[in-house]
Amino acid sequence: MRRATQVTEANHSSQEQSNSDTTSVDDAPLEAYQSSLPGFLGTIDTGISRVESLMLAAGVLLMAANTMSNVVGRFVFQSSIFFSEELNRILIILITFAGISYAARHGRHIRMSAIFDALPPKLRKPLMILISLVTAVFMFGLAWYATQYILTQAGRGRVLPALQIPVWMPLVWVPIGFFMTGLQYLLTAIKNLIEKDIYLSTNVLEGYEDNEQEI
Amino acid sequence: MAVTIFSIMIVLLLLGFPMMIPLIVGAFVGFFMLFDGMAQMETMIQQMMAGIRPASLIAVPMFIFAADIMTRGQSAGRLIDMVMAFVGHLKGGLAVSTAAACTMFGAVSGSTQATVVAIGSPLRPRMLKAGYKDSFILALIVNSSDIAFLIPPSIGMIIYGVVSNTSIAELFIAGIGPGLLILVLFSIYSVIYAIRNNVPTEEKTTWPERLRAVRQALWPMGFPAIIIGGIYGGIFSPTEAAAACVLYALLLETVVFRSLDFTGVYETAKSTGLITAVVFILVGAGAAFSWVISFAQIPQAILGSIGIDEMGAIGVLFVISIAFFIGCMFVDPIVVILVLVPIFAPVVKSVGLDPVLVGTVITLQVAIGSATPPFGCDIFTAIAVFKRPYIDVVRGTPPFILMLLSVSVALIFFPQIALFLRDLAFAK
């Protein structure tokens, strides 16, 4: 089985995780992230991670509050909130694109790792570097085309019908999210190049427990 | 073109790339080949955004949030105690209770992995103590948890409903019949197993104890009431039912049971957000991918080459079942639904199959596939949760897979298993 270990300066606790989970709730709580980057860059990275986690939690709570008030409004006051659907649409973009970067940071994107895990470490390491680099390239590419897409939308000057804000505004998270995700995978590739161990993400070490039969 | 795209995707998948990458690269190659280069990449982004746009998808994070809150609280334990109080003393009662508790928790959560954790973790030690073999226990837990996929709410059904433009409310109601049928089969097998292996029975509980257990479980029983009652009665849309569940779960765990404080709720929201993002990037990438393959008429080409037009409705259902069953043996159910549903959409329409029936058949196959070796994703959840080697988890699986497959064959020949309740609820 797979064991991923959070290696941070602040703590050395470990967390169990399965890489094929979509909706698992068995993972250890997402601990406070400490960047493994040196110096000033590390401070920025830790800061970005805090912002991402705040956006995730606030996004979900706001979405829940919005959807619940809409239901309550309809039953108690016989009227729906007129911007409810648009607000949820904005929030789901926020959650998705703040989350893909946060998931990359914590090595939590689902993957079919059965074959990967069965390979010897000598092969796993270059493969991990390849996976991280190719993923980074596609994320940067999507960030670029998402920017173009936003510019096109901005050029049309349309606004959301209920909220009256420009259509492009809620989309700014799309290129930012793709770019930050690409950056995480690029850093993972670099980390794997300079360190001896195999890293699932910049601070999640991939490893196996010795006392258990490998699959 | 189809061959190029699918072979690239399969290679990326097997190498262990994050699952969004095969989908994104598949879509990218499609756009590249179809429009001679990078000219239409903005359309790809546009299609990704369109994929996560449908309002009914909001039900996914809401149900995950509600389930996440419940799993951290006391609801699972209370449900188990209630089931145990009634069937625990029968021959094989502990095993039957496990299957029944999984089904009931499925009516609360909608995720198979959450069910493995919430029901499997507390019940496995009790079954071991009672004398059941571990291979039987693990197989029972993994396969019973799959009932959760069929019992509403079901994340898989929401995604299918959005991708195929089918009523999610009708899908939810249609899943109940097959889910209960599986529970009955598993219970019968459990009793036979207990008799053959002479597993001792538990002590019988008295009626006052039973009443107390029911009272304890009344609160969590509100979830099926909200979801099934609300949708059945036409009060809620699935998204509204999901929001009502979140509200109910929050009230229950923070005010009534007091097992979560604000920090707990905040942490739960964060973990829900993370899971949501991981699922939604797949939904977005899947939408771009299915747009491009539909535009290139690839589904018609693939299915035409196997002569699907001459197969008739039952033949088509068999092909769909096999494709989803095999797909889910290797890949996460959501990815399989995102890739395969658009491929089968044209033929489902042309042979005039009921999309709700197709959705139920697909959800059942997806559930079976996730518990089937070699790579069913629930097997790996069980490995992670119970810390048992792979071989122990899959050893007892074959009888369960046989029962599940017989249910899927039955469902194809007797669609009323699924459609009876739907027709009753929606007066078709």
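Above this text you will find the structure in question.
Residues numbered from 1 in each chain as written. Chains lettered and ligands numbered in written order. Predicted model: local features only at pLDDT ≥ 70, side-chain atom pairs only at ≥ 80, totals over all residues. Heavy atoms only, no water.

(A) Region of interest: the nonpolar core. In terms of nonpolar packing, the biggest core is built from 211 residues, with Phe178(A), Tyr132(B), Ile159(B), Phe324(B) and Phe344(B) touching the most fellow members. Broken down by element, this core gets its largest block of residues, 15 residues, from helix α15 (residues 262-295) of chain B. Residues within four places of Ile159(B) in sequence aside, it is in contact with Leu57(B), Val60(B), Val279(B), Val283(B), Ile334(B), Ile337(B) and Leu338(B). (Core = buried A, V, L, I, M, F, W, Y, C linked by side-chain atoms within 4.5 Å. Buried < 20%, exposed > 50% of the residue type's maximum accessible area, 1.4 Å probe, protein only. Helix = DSSP H or I, 4+ residues; strand = E, 2+ residues; numbered from the N terminus. Contact = heavy atoms within 4.5 Å.)

(B) Up close: unusual backbone geometry. Residues and elements named next belong to chain B. Omega for the peptide link from Pro-152 to Pro-153 comes to 0 degrees, which places this bond in the cis form. Note that Pro-153 resides in the loop between α9 (147-150) and α10 (155-164). The phi torsion at Asn-165 lies on the positive side, around 60 degrees, for a residue other than glycine. By secondary structure assignment, the location of Asn-165 is in the loop between α10 and α11 (168-196).

(C) Structural detail: a nonpolar patch on the surface. A surface patch of nonpolar side chains, amounting to about 890 Å² of accessible area, comprises Val72(A), Phe75(A), Val76(A), Phe77(A), Trp219(B), Ile235(B), Leu247(B), Leu251(B), Val255(B) and Val256(B). Of the residues forming the nonpolar patch, the biggest block, four residues, is contributed by helix α14 (residues 238-256) of chain B. If you trace the backbone, Leu251(B) turns up in helix α14. (Patch = residues over 30% accessible without salt bridge, like charges linked within 9 Å, V, L, I, M, F, W, Y side chains within 5 Å. Areas by Shrake-Rupley, 256 points an atom, 1.4 Å probe, with all protein chains shown as cover. Salt bridge = Lys/Arg side-chain N within 4 Å of Asp/Glu carboxyl O.)

(D) The pattern of salt bridges, seen in detail. A full pass over the atoms with the stated rule returns 12 salt bridges over all chains. Of the charged contacts in the structure, one is a salt bridge between Glu52(A) and Arg105(A), with a shortest N-O distance of 3.1 Å. In this pair, Glu52(A) sits in helix α1 (residues 39-76) while Arg105(A) sits in helix α2 (residues 84-105), placing the two residues 53 residues apart along the sequence. As far as the burial class goes, Glu52(A) and Arg105(A) line up, both buried. Across the salt bridge formed by Glu240(B) and Arg74(A), the nearest N and O atoms sit 2.3 Å from each other. One end of the pair, Glu240(B), is in helix α14; the other, Arg74(A), is in helix α1, on a second chain. We classify Arg74(A) as partly exposed; its relative accessible area is 32%.

(E) Layout of the packing of aromatic side chains. Inspection of every chain in the model, using the stated rule, returns 25 aromatic pairs over all chains. Look at Tyr132(B) and Phe136(B): their rings are 5.8 Å apart centre to centre, the planes differ by 15 degrees, and that puts the pair in the stacked class. Both residues of the pair, Tyr132(B) and Phe136(B), count as buried. Connected via pairs of aromatic rings, a cluster forms that spans Tyr132(B), Phe136(B), Phe186(B), Tyr189(B), Tyr193(B) and Phe400(B). One residue, Lys191(A), lies across the ring of Tyr199(A), its end atom 5.1 Å from the ring centre. Over the ring of Phe257(B) we find Arg78(B); its NZ or CZ atom is 3.9 Å from the centre of that ring. (Phe/Tyr/Trp six-rings, centres within 6.5 Å; stacked < 30°, edge-to-face > 60°. Lys NZ or Arg CZ within 6 Å of the ring centre and 35° of its normal.)

(F) Layout of the interface of chain A and chain B. In this complex, chain A contributes 66 residues to the contact, which on the side of chain B involves 73 residues. Summed over both partners, the interface of chain A with chain B buries about 6,400 Å², with 77% contributed by carbon and sulfur atoms. Connecting chain A to chain B are one salt bridge. Connecting chain A to chain B are six residue pairs in polar contact (both at pLDDT 80 or more). Among the secondary structure elements, those contributing two or more residues to the side of chain A that touches chain B are α1, α2, α3 (114-118), α4 (121-156) and α5 (173-194) of chain A. Looking at the side of chain A that touches chain B, the element that brings in the most residues is α1(A), giving 14 residues. (Buried area = accessible area lost by both parts, 1.4 Å probe. Polar contact = N/O pair within 3.5 Å; in protein donor to acceptor, adjacent residues only side chain to side chain.)

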